[in-house]
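# Working through the structure, step by step
Here is what each chain is made of, one letter per residue.
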Amino acid sequence: MTGRPLRIAVMAHCRHPIAAPFMGGMEGHAHHLVHALRARGHDVTLVAAGDSRVDVPLLPLMAQHYDRDYPWHQYHGTEPLNAHLDSHHAASLATLADMDFDVIHNNTLHRFPPRFARAVRVPMVSSLHVPPFDALCRAVRDSVAPWHVTTGCSRRHLAAYFPEGPPASARVVPNGIDLAQWPYSPRGNGQAVWAGRITQNKAPHLAIAAARCAGVALTIFGSIEDGDYFDAQVRPQLSGDIRFGGHLAGPDLAAEYGRASALLFTPQWDEPFGLTAIEAMACGTPVAAVAMGAVHEVLGPAGRFAAPDGAGLDRALTKAMEIPRDVPRRHVAGQFGLDRMIDTLQALYVEAIDRRHDPAPPVDFLPIELPPSLAARGVEPALQSGMR
């Protein structure tokens, strides 16, 4: 615990609601984060899509999650979606600046919050959840300051944003889970599972091919994010020992993890972490994975690995099923517990608050990088009194 309870605004990504069953790892992370902070005695407000469902105060970033009106696969990179996100993030930051928060924990993927922290000296922790894309990477690098702490969820992930080496205000903070919600099962049933958002860059089709080649039954769980991909590359493969089990709530998914003998993990991007993998490992289920991004770093002794394109994944699957089930459980308990993550974040919140008045050169952002109405606030009286 810090010396005193803090007033914390947690900003979440707004593509989907923060509501169970979670659409993906970012949504689950935000939900567990705000409730764990509240359990530690902090005064927590979640800033997220207005249709989120949480047991802490909710400050709507927008009335409803943007994927409902601007589906990502249709609108990604388009002017209508960009304008929608820009206006709502700017308005939200202006609102937060006039409220009495000690620190903001930014989990959005938007370019405004990091630069706002840098320009206005707002104590902020910005947690990165995806590989760098141009707008976010430039914002993160533009906003380095003692009072703005940046976190990546693996060494590989943070290095992608700072290939020359991270600044002193950047840290690795692995994602954490509540092990009580992912109970250990000492035996598997000889079958495999795959879980996650069903989309091309998560690649369940690679899991299907590997399971078929290895002669292992496979059940796929998750939300269908890309219907065209599902119809073209997943649905035609569903027969016999390959089936689709739907999108499950946490307790039901934990039970399926615990019954399985292996999880197939098949990212086709520079994977920053892999929350589904540690959830399965917590249940005692070892992982067969493609070697992308931080997969080796996160899975450690609980994984067996194949080429990034999936070559050899069938052999990795049979080898993973031989790993004693106490190995993945102990690995997660030692590295990725929720309490460990919250302890680290609390310390970083205090660091950001304490270093708010450290010297740093002035910055001058272009209007497209940070709206002048936000940049002009300077260190406003409301922030001076609230963000100590």
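Reading the values: the criteria
Residues numbered from 1 in each chain as written. Predicted model: local features only at pLDDT ≥ 70, side-chain atom pairs only at ≥ 80, totals over all residues. Heavy atoms only, no water. Axes fitted to C-alpha atoms, helices over the stretch in contact; angles between N-to-C directions. Helix = DSSP H or I, 4+ residues; strand = E, 2+ residues; numbered from the N terminus. Left-handed = near helix turned anticlockwise from the far one by under 90°. Contact = heavy atoms within 4.5 Å. Nonpolar A, V, L, I, M, F, W, Y, C, P; charged D, E, K, R; others polar. Buried < 20%, exposed > 50% of the residue type's maximum accessible area, 1.4 Å probe, protein only. Pairing = 2+ DSSP bridges. Phe/Tyr/Trp six-rings, centres within 6.5 Å; stacked < 30°, edge-to-face > 60°. Lys NZ or Arg CZ within 6 Å of the ring centre and 35° of its normal. Parallel < 35°, antiparallel > 145°, perpendicular 65-115°, else oblique. Right-handed = clockwise from strand over helix to strand, strands pointing away. Salt bridge = Lys/Arg side-chain N within 4 Å of Asp/Glu carboxyl O. Arc of directions from axis to C-beta. Disulfide = S-S within 2.5 Å. Core = buried A, V, L, I, M, F, W, Y, C linked by side-chain atoms within 4.5 Å.

### As for the packing of helix 3 (residues 79-97) against helix 4 (residues 112-120)
Running from N to C, helix 3 and helix 4 point in directions that differ by 35°, and their axes come no closer than 10 Å. Here the hand of the crossing between helix 3 and helix 4 comes out right-handed. On helix 4, the residues that touch Asp86, His89, Ala90, Leu93 and Ala97 of helix 3 are Phe112, Pro113 and Phe116. For the contact of helix 3 with helix 4, the residue count by class is six nonpolar, one polar and one charged.

### Overview of the side chain of His29
Note that His29 resides in helix 1 (residues 25-39). On the basis of relative accessible area, His29 is assigned to the buried category, the value being 8%. The contact partners of His29, leaving out residues within four places of it in the chain, are Asn107, His129, Asn175 and Met341.

### Side note on the sheet that holds strand 8 (residues 192-195)
Overall, parallel pairing links the six strands, which are arranged 10-9-8-11-12-13 in an open sheet. Unpaired on one side and paired on the other, strand 10 (242-246) and strand 13 (303-306) mark the two borders of the sheet. Direction aside, the axes of adjacent strands within the sheet are offset by 25° on average. Where helix 7 (residues 204-214) meets the sheet, it contacts strand 8, strand 9 (218-221), strand 10 and strand 11 (262-265), and its direction lies at approximately 170° from that of strand 9. Lying on the sheet, helix 10 (residues 275-282) is in contact with strand 8, strand 11 and strand 12 (287-290); it crosses strand 11 at an angle near 175°.

### So, the packing of aromatic side chains
Inspection of the entire model under this criterion finds four aromatic pairs. A ring pair is formed by Tyr70 and Tyr75, whose centres lie 5.2 Å apart and whose planes are at 85°; its orientation type is edge-to-face. Across the ring face of Phe101, the terminal group of Arg7 is positioned such that the distance to the ring centre comes to 4.8 Å.

### Overview of the packing of helix 10 against helix 13 (residues 326-335)
The angle between the axes and the distance between the axes are what describe a pair of packed helices. Packing of helix 10 against helix 13 brings their axes to within 7 Å, and their N-to-C directions diverge by 120°. Put simply, helix 10 runs oblique to helix 13. Where helix 10 crosses over helix 13, the handedness of that crossing is left-handed. Residues Ile278, Met281 and Ala282 of helix 10 lie in contact with helix 13, whose contacting residues are Pro328, Arg329, His331 and Val332. Classifying every residue of the contact of helix 10 with helix 13 gives five nonpolar, one polar and one charged.

### Comments concerning the pairing of strand 4 (residues 103-106)
Taking every second residue as pointing to the same face, both faces of strand 4 are buried, with Val103 and His105 on one and Ile104 and Asn106 on the other. Crossover handedness for the path strand 4 to helix 4 to strand 5 (residues 124-127): right-handed.

### Regarding the sheet that holds strand 6 (residues 148-152)
Judged by pairing direction, the sheet is parallel, and its seven strands sit side by side in the order 3-2-1-4-5-6-7 without closing on themselves. The strands lining the two open edges of the sheet, one partner per strand, are strand 3 (58-62) and strand 7 (170-172). If you compare each strand with its neighbour and ignore which way they point, the axes differ by 20° on average. Of the pairings in the sheet, the one linking strand 1 (residues 7-11) to strand 2 (residues 43-49) comprises five bridges and is parallel in character. Bridge pairing in strand 2 places Val10 opposite Leu46.

### Remarks on helix 10
Among the eight residues of helix 10, eight are classified as buried, and the element is accordingly described as predominantly covered. Burial in helix 10 covers these residues: Leu275, Thr276, Ala277, Ile278, Glu279, Ala280, Met281 and Ala282. Directly after helix 10, the chain includes Gly284, whose backbone phi takes a positive value near 95°.

### Points about the pattern of salt bridges
Under the criterion given, the structure shown has 18 salt bridges. Note that Asp86 and Arg111 form a salt bridge whose closest N and O atoms lie 2.8 Å from each other. Remark: Arg111 occurs in the loop between strand 4 and helix 4 and Asp86 occurs in helix 3; sequence separation between them is 25 residues. With respect to burial, Asp86 and Arg111 carry one shared label: buried. Here Arg235 makes a salt bridge to Asp231, at a shortest N to O gap of 3.1 Å. Salt bridges sharing common partners tie together Arg15, Asp67, Arg197 and Glu225.

### Things to note about helix 13
Among all positions of helix 13, only Val327, Pro328, His331 and Val332 are buried. Projection of helix 13 onto a plane perpendicular to its axis shows the buried side chains occupying an angular sector of 125°, all on one side. Tucked inside the fold, the buried residues of helix 13 contact helix 10 and helix 11 (295-299).

### Concerning the state of the cysteines
The final tally for this structure, using the stated rule, is zero disulfides. Cysteine Cys14 remains unbridged, with the sulfur of Cys153 as its closest cysteine sulfur at 19 Å. Overall, Cys14 belongs to the buried group, its relative accessible area being 1%. Distance from the sulfur of Cys153, which forms no disulfide, to the nearest cysteine sulfur (Cys137) is 15 Å. For Cys153, a relative accessible area of 4% puts it in the buried group.

### Overview of the nonpolar core
Judged by nonpolar contacts, the single largest core of 30 residues is most densely connected at Tyr257 and Ile278. Only strand 8, helix 9 (250-259), strand 11, helix 10, strand 12 and helix 11 provide two or more residues apiece to this core. Among the elements that line this core, the one with the most residues is helix 10, at six residues. Every residue in contact with Ile278, bar those within four places of it in the chain, is listed here: Asn175, Ile177, Phe273, Val298, Val332 and Phe336. Listed in part, the 27 residues of the second largest apolar core include Leu6, Leu46, Leu338 and Tyr349.

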